[in-house]
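# Structural description and commentary
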Amino acid sequence: MSQLSTSLSKIFGIIFVRSQDGTRLYSKYYPQLFAKNLLRVQEGVLTDIEVQKQFEHNVWEKGKRVGARLTKGSETEIFQYCQFNIVMKAFNEVHLFVLGDFEENEIILSQVINGIYESLNHITKEHINKKTLLENFDQVIIIIDEICDQGIIITIDPAVIIARATMKDTEAINLDKQESSGSSGGGAFSSVFASAKRTFAQQFMGSG
């Protein structure tokens, strides 16, 4: 994958919601990098968790309209909502959004979401859905943390991201062919993410 310079690039947030109804599955915001007025949206102020959830639902609503043509996770849609540039991918049962401000390069945002997609596609053996995201929740969190540090983009190279998430050498990562063996790194992080994983599971169980 060709890489753009991401030295000054940043994202405002990453959001996973249920495709069925736009309910939050997981989200992470990085408001400390941005002016305070960016936090004020039509739903309220994004420091409030209930405002965040309504905002995420409305982002999903608009994304669903503009991205109706999306048929597979490899496709990306770009749109604007409030004061954000947003890129979106739709998987089976899950919508993923990456948010940046209007000044952020849309190509960089697209490469961030593609990095997440390719990394998730690898660890789930090309079956990204609610069940596989739950089963690999610890690695989902690590993937996001490897891509950006407090919102500043560090890498968008899937091979590097996967290697760090699975605790393997970069040379051992084959993005064209899924490995038959399970991740060697998941167990080391299981206790750290157990509580978050239970919360994630509870949200899934309410999806019907």
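Refer to the structure printed above.
What you are looking at is a predicted structure, and each value in this text was computed from that prediction instead of being measured. (Residues numbered from 1 in each chain as written. Predicted model: local features only at pLDDT ≥ 70, side-chain atom pairs only at ≥ 80, totals over all residues. Heavy atoms only, no water.)

This part covers the environment of Gln 52. Position of Gln 52 relative to the elements: it lies in helix α1 (residues 49–66). Taking the C-alpha atoms as reference, Gln 52 lies 9.2 Å from Arg 24; in sequence the two are 28 residues apart. Apart from residues lying up to four places away in sequence, Gln 52 is in contact with Arg 24, Tyr 29, Leu 46 and Thr 47. One polar contact links Gln 52 to Arg 24, side chain to side chain, over a distance of 2.7 Å. (Helix = DSSP H or I, 4+ residues; strand = E, 2+ residues; numbered from the N terminus. Contact = heavy atoms within 4.5 Å. Polar contact = N/O pair within 3.5 Å; in protein donor to acceptor, adjacent residues only side chain to side chain.)

Of all 7 residues that make up strand β6 (residues 84–90), 7 are buried, and the element is covered over most of its length. Of the two faces of β6, the one carrying Phe 84, Ile 86, Met 88 and Ala 90 and the one carrying Asn 85, Val 87 and Lys 89 are both buried. Alignment of strand β5 (residues 77–81) against β6, held across 5 bridges, turns out to be antiparallel. In the sheet register, Glu 77 faces β6, and the bridge partner there is Met 88. The hairpin turn running from β5 into β6, its antiparallel successor, is 2 residues long, and Cys 82 in that turn takes a positive phi close to 50°. Counted between consecutive antiparallel strands, the loop separating β6 from strand β7 (residues 94–101) contains 3 residues, among which Glu 93 sits at a positive phi close to 80°. (Buried < 20%, exposed > 50% of the residue type's maximum accessible area, 1.4 Å probe, protein only. Pairing = 2+ DSSP bridges.)

Turning our attention to the nonpolar core. Membership of the largest hydrophobic core comes to 33 residues, with the highest contact counts inside it found for Ile 11, Ile 14, Phe 16, Val 98, Val 112, Ile 116 and Leu 120. If you list the elements that add at least two residues to this core, you get β1 (13–18), β2 (24–29), β7, α2 (106–123), α4 (137–147) and α5 (158–166). The biggest single contributor to this core is α2, with 8 residues. If we skip the residues at most four places from it in the chain, Val 112 touches Val 98, Ile 147, Ile 153 and Ile 156. (Core = buried A, V, L, I, M, F, W, Y, C linked by side-chain atoms within 4.5 Å.)

Turning our attention to the packing of aromatic side chains. Per the counting criterion, the structure on display carries 9 aromatic pairs. Seen in terms of ring centroids, Phe 12 and Tyr 29 are 5.8 Å apart; in terms of plane orientation they differ by 70°. Their pairing is edge-to-face. Placement of Phe 12 in the segment before β1 and of Tyr 29 in strand β2 is noted, with a sequence separation of 17 residues between them. As far as burial versus exposure is concerned, Phe 12 and Tyr 29 are alike and both buried. With a centroid separation of 6.4 Å and 90° between ring planes, the pair formed by Phe 79 and Phe 97 is classed as edge-to-face. Here the residue Phe 79 occupies a position in strand β5, and Phe 97 occupies one in strand β7, the gap between them amounting to 18 residues. The residues Phe 79 and Phe 97 share a single accessibility class, namely buried. Cluster of aromatic residues (ring-pair linked, three or more members): Phe 12, Tyr 29, Phe 34, Phe 55, Tyr 81 and Phe 84. Over the ring of Tyr 117 we find Lys 89, and its NZ or CZ is 5.0 Å from the ring centre. (Phe/Tyr/Trp six-rings, centres within 6.5 Å; stacked < 30°, edge-to-face > 60°. Lys NZ or Arg CZ within 6 Å of the ring centre and 35° of its normal.)

Turning to the sheet that holds β2, a few remarks are in order. Strand order in the open sheet formed by 5 strands is β2-β1-β7-β6-β5, and the pairing between neighbours is antiparallel. Of all strands in the sheet, those bounded by a partner on one side alone are β2 and β5. Strand-to-strand, the axes of this sheet are offset by a mean angle of 20°, without reference to chain direction. Contacts from α2 reach β1, β5, β6 and β7, with the element oriented near 30° to β6. (Axes fitted to C-alpha atoms, helices over the stretch in contact; angles between N-to-C directions.)

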